[in-house]
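# Observations on chain architecture
One letter stands for each residue in the lines below.
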Amino acid sequence: MGRDFIEEKAYRLAQDLDRGGGDLVAEKLRQDSIRLPEQDFARLVNLTQNYERPGQGDDLQTRQTPGGIAVDVQKYLGRDRHGNDVTRPIPAGEIVFSDIYEDQGRGRRGGHHHDGHRGNQDGIDPKDVAIGAVIGFGIGKIIEHQNDKRDERRRDERRRDDRRYPHR
């Protein structure tokens, strides 16, 4: 069975990032953040991070914000005179938690489902809670992946310093 649309797009975006095409990837992700439902955009970001190789070309990064996750492309600009990597963050979109939950709840206001069945007293559909948990898990995986990449970069930097300065 082949890849679905989101997987295929994530794979192509990761390849573009690894080749240094961060500007183009950031623009595509900004468009997708508007065009795609939040759940699909979150999945696209997660898969792109899984497919890309950290430290090669440009990198996709996420950071927690007070209501969601900001998505940035770290554009690699080269090294400074001290040998440090120089990068520039390019905003590439945002995953807003409230939008995800609002999309799931459309048509279910006032404790009534759109199909006419009455919901529970507080108007929360148990399916919405389950979907929210799955989305929360996915977003947690995005953050975990980002932290793993950061730790890997730090290990690589320590290895480089150990080779440069063996007396440490």
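Quick caveat, the model's predicted, so the values are computed rather than measured.

## Section: a positive patch on the surface
Judged by side-chain charge, Arg150, Arg154, Arg155 and Arg158 come together as a positively charged surface patch. Counting through the fold element by element, Arg154 comes out in helix α5 (residues 126-164). You can call Arg154 partly exposed: its relative accessible area is 43%.

## Some words on the packing of aromatic side chains
A full pass over the atoms with the stated rule returns 1 aromatic pair. For the pair Tyr11 and Tyr51, a centre-to-centre distance of 5.6 Å together with 85° between the ring planes defines the contact as edge-to-face. Residue Tyr11 is found in helix α1 (residues 5-18), and its partner Tyr51 is found in helix α3 (residues 38-51); the two are separated by 40 residues along the sequence. Judged by relative accessible area, Tyr11 falls into the partly exposed class, the value being 30%.

## Things to note about the packing of α1 against α3
In a pair of packed helices, the angle between the axes and the distance between the axes together describe the arrangement. Packing of α1 against α3 brings their axes to within 8 Å, and their N-to-C directions diverge by 45°. Considering the angle they form, α1 stands oblique to α3. You can see that α1 and α3 cross each other, and the crossing is right-handed. When α1 is examined against α3, the residues Ile6, Glu7, Lys9, Ala10, Tyr11, Leu13, Ala14, Leu17 and Asp18 are found in contact with a partner set consisting of Asp40, Arg43, Leu44, Leu47, Thr48 and Tyr51. Residues belonging to the contact of α1 with α3 are distributed by class as follows: 9 nonpolar, 1 polar and 5 charged.

## Description of the nonpolar core
Within the largest apolar cluster, 23 residues are counted, with the highest numbers of intra-cluster contacts made by Leu29, Phe41, Leu44, Val73 and Ile95. Going through the elements one at a time, α1, α2 (22-35), α3, β2 (68-79), β3 (85-96) and α5 are the ones with two or more residues in this core. Broken down by element, the residue count for this core peaks at 5 residues, all from α3. In contact with Leu44, other than residues within four places in its own chain, are Ile6, Lys9, Ala10, Leu13, Leu29, Asp32 and Leu36.

## Observations regarding the sheet that holds β2
Adjacent strands of a sheet pair through backbone hydrogen bonds, lying either parallel or antiparallel. Pairing is antiparallel in the open sheet, where 3 strands are placed in the order β1-β2-β3. A strand with exactly one partner marks an edge of an open sheet, and here the two such strands are β1 (59-65) and β3. When strand polarity is set aside, the average angle formed by the axes of neighbouring strands in this sheet is 30°. Summarising the sheet, β1 and β2 pair through 7 bridges and their orientation is antiparallel. Note on β2: the bridge partner recorded for Gln64 is Ile69.

Parameters at a glance
- Residues numbered from 1 in each chain as written.
- Predicted model: local features only at pLDDT ≥ 70, side-chain atom pairs only at ≥ 80, totals over all residues.
- Heavy atoms only, no water.
- Patch = residues over 30% accessible without salt bridge, like charges linked within 9 Å, V, L, I, M, F, W, Y side chains within 5 Å.
- Areas by Shrake-Rupley, 256 points an atom, 1.4 Å probe, with all protein chains shown as cover.
- Salt bridge = Lys/Arg side-chain N within 4 Å of Asp/Glu carboxyl O.
- Lys, Arg positive; Asp, Glu negative; His and termini not counted.
- Charge placed at Lys NZ, Arg CZ, Asp CG, Glu CD.
- Helix = DSSP H or I, 4+ residues; strand = E, 2+ residues; numbered from the N terminus.
- Buried < 20%, exposed > 50% of the residue type's maximum accessible area, 1.4 Å probe, protein only.
- Phe/Tyr/Trp six-rings, centres within 6.5 Å; stacked < 30°, edge-to-face > 60°.
- Axes fitted to C-alpha atoms, helices over the stretch in contact; angles between N-to-C directions.
- Parallel < 35°, antiparallel > 145°, perpendicular 65-115°, else oblique.
- Left-handed = near helix turned anticlockwise from the far one by under 90°.
- Contact = heavy atoms within 4.5 Å.
- Nonpolar A, V, L, I, M, F, W, Y, C, P; charged D, E, K, R; others polar.
- Core = buried A, V, L, I, M, F, W, Y, C linked by side-chain atoms within 4.5 Å.
- Pairing = 2+ DSSP bridges.

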